[in-house]
Amino acid sequence: MKAGQGLVPDEWTAPVVRRIFREYLSGKGLQRIADGLNLDAIPSPGAYGRGATLPEAAWSKGTVRAILVNPRYADHPAPDGTAGEHAVSGAIVPYEVFDQVHRMFVARRRVQREPGTATGKQRYLLRGLMRCTRCNRLMQGTWNNAEPYYRCRLPAEHATANRSSHPRNVYLRERNALRPLTAWLSTVCTPHSLLALAGDPSPGRFRALVIEAADHYGEALREARGEGLARVFRSLGLQLVYSDADNLLKAKAVLAPGRITVRGTVEL
């Protein structure tokens, strides 16, 4: 609604707009914000004005982005220093907040243009290795805040029946898993550990192969980066199950020679 030359904030939607700006500045990605709004049954902009019997439109990344980049929600000054004709009377968010969000968008676009992070080139070092403990499905890679995450999204058709035991989305930040996981693997991929698991500490060809393999894996875990580290994980036959309830990672690896199996629980 117009009041003079400004737009008056809607008493119902203004808190939602403020929440979106607040959550984005706190580090949440667009999809996580949209998922949270849907989970809280907050009507999206597309739902307003619909008939009561029609289904409501869901929040999406695009809807959240459109709000964050729209200067109407801020006390956006015109070039002459006065409020623009589309400025909101008693702005929903201060211009400083809107400007900070704008600068975050610019910075993240810059990061995503760097090698290895551009669209279509995102690197997920644990792709295909991570399962959700609640449903045993593979967690999918998703790019949020210019870094990789893994997400298990509960299908909409199962949401009502399983919400008590499975959140709408389970997220794991890749960087939160890599360091403790690599540290754990480094402790088990040693000659002493592998020989104890093999149950054959006596001298011989097999012992020599185990020691050689342990040295190889240990060096690779210390030196490898990026896609090289992903290849090490796959050569280890790594299998991971993430428990979001206690932030634990159950890990299993099957190492050559002799298909020596190692298992452990990694605290994240």
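On a predicted model such as this, the values are computed, not experimentally measured, just so you know. (Residues numbered from 1 in each chain as written. Predicted model: local features only at pLDDT ≥ 70, side-chain atom pairs only at ≥ 80, totals over all residues. Heavy atoms only, no water.)

1. Quick word on the side chain of D35
What counts is decided by this rule: Only DSSP runs of H or I reaching four residues or more are called helices, and only runs of E reaching two or more are called strands; each is numbered from the N terminus. What makes two residues a contact is simply this: any of their non-hydrogen atoms within 4.5 Å.
Relative to the assigned elements, D35 resides in helix α2 (residues 30-39). Those residues in contact with D35, other than ones at most four positions away along the chain, are R151, R153, N169 and Y171.

2. Let's talk about the confidence of the model for the protein
Counted only if it meets this: Every residue is assigned a pLDDT by the predictor, reflecting its confidence on a scale from 0 to 100.
Here the protein averages 78 in pLDDT, and 74% of its residues register 70 or above. Confidence, read as mean pLDDT per element, is least for strand β1 (residues 2-3) in the protein (40) and greatest for strand β7 (residues 239-243) (96). Low pLDDT, under 50, characterises residues 49-56; the stretch is placed with 5 contacts to residues that sit more than four places away or in other chains.

3. Details of the sheet that holds strand β5 (residues 147-153)
Backbone hydrogen bonds are what pair the strands of a sheet, in a parallel or an antiparallel way. For clarity, the cut-off: Pairing between strands is defined by DSSP: at least two bridges between them are needed. Here an angle of 0 to 180 degrees is reported between the N-to-C directions of two axes, which are lines fitted to C-alpha atoms, with helices fitted over the stretch in contact.
An order of β4-β5-β6 is seen for the 3 strands of this open sheet, with the pairing classed as antiparallel. Pairing within the sheet leaves two strands with one partner each, and these edge strands are β4 (140-144) and β6 (169-173). The mean inter-strand angle of the sheet, taken between neighbouring strand axes irrespective of direction, is 35 degrees. Two strands pair when backbone bridges link them, and β5 and β6 are joined in this way by 5 bridges, in the antiparallel orientation. Its bridge partner lying in β6, C152 is registered against V170. The strands that α2 touches are β4, β5 and β6; relative to β5, the one it contacts most, it runs at about 30 degrees. Where helix α6 (residues 174-188) meets the sheet, it contacts β5 and β6, and its direction lies at approximately 55 degrees from that of β6.

4. Quick look at the packing of aromatic side chains
Aromatic ring pairs are reported here in terms of the distance separating the ring centres and the angle at which the planes meet. To keep things clear, this is the line we draw: Two aromatic rings from Phe, Tyr or Trp, using only the six-membered ring of Trp, form a pair when their centres are within 6.5 Å; if the ring planes differ by under 30 degrees the pair is stacked, by over 60 it is edge-to-face, and anything between is tilted. As a reminder, the over-ring test applies to NZ of lysine and CZ of arginine, requiring each to be within 6 Å of the ring centre and within 35 degrees of the ring normal.
Within the structure shown, the criterion is met by 4 aromatic pairs. What links up through ring pairs into an aromatic cluster is the set Y124, W143 and Y150. The ring of Y171 has R32 sitting right over it, with the charged end atom 4.7 Å from the ring centre.

5. What about the sheet that holds strand β8 (residues 248-255)?
Taken together, 4 strands build an open sheet; the order of strands is β3-β7-β8-β9 and the sheet is mixed. Each having just a single partner strand, β3 (130-132) and β9 (260-267) make up the two edges of the open sheet. Along the sheet, successive strands turn relative to each other by an average axial angle of 20 degrees, direction set aside. With 3 bridges joining them, β3 and β7 adopt parallel strand pairing. Bridged to R131 within β7 is V241. Together, β7, β8 and β9 form the strand contacts of α6, whose direction differs from that of β9 by roughly 140 degrees.

6. Here we look at the nonpolar core
Definition in use: What is meant by a nonpolar core is a set of buried Ala, Val, Leu, Ile, Met, Phe, Trp, Tyr and Cys residues, joined one to another through side-chain atoms within 4.5 Å. Only protein chains enter the calculation, and the probe is 1.4 Å; a residue is then buried if its accessible area is under 20% of its type maximum, exposed if over 50%, and partly exposed in between.
L126, M139, L181, L185, F233, L236 and L240 are the most contacted members of the largest nonpolar core, which has 43 residues in total. Ranked by size, the runner-up nonpolar core spans 22 residues in total, among them L30, I42, I92 and M104.

7. Here's the deal with unusual backbone geometry
Peptide bonds are mostly trans, and most non-glycine residues show a negative phi. Positive phi outside glycine occurs at A41, with the angle close to 60 degrees. Here A41 falls in the exposed class, since its relative accessible area comes to 58%. Within the chain, N247 stands out as a residue other than glycine whose phi angle is a positive 55 degrees. Within the fold, N247 resides in the loop between β7 and β8.

8. Some words on α2
Most of α2 sits out of view: 7 of its 10 residues are buried. Those residues of α2 that sit buried are L30, Q31, I33, A34, D35, G36 and L37. After α2 finishes, the residue A41 shows a positive phi value of roughly 60 degrees.

9. Let's talk about a negative patch on the surface
What counts here: Each patch is assembled from residues with relative accessible area greater than 30% and no salt bridge, linking like charges that lie within 9 Å and nonpolar side chains (Val, Leu, Ile, Met, Phe, Trp, Tyr) that lie within 5 Å. Note on areas: these come from Shrake-Rupley sampling with a 1.4 Å probe, and a residue is covered only by the protein chains present in the view. For this document, the term salt bridge refers to a Lys or Arg side-chain nitrogen within 4 Å of an Asp or Glu carboxyl oxygen. In summary, the charge assignment counts Lys and Arg as positive and Asp and Glu as negative, without counting His or the chain termini. Lys charges are placed at NZ, Arg charges at CZ, Asp charges at CG and Glu charges at CD.
On the surface, E212, D215, E219 and E223 cluster together into a negatively charged patch. Looking at the element boundaries, E219 is found in helix α8 (residues 205-223). Overall, the relative accessible area of 47% leaves E219 in the partly exposed class.

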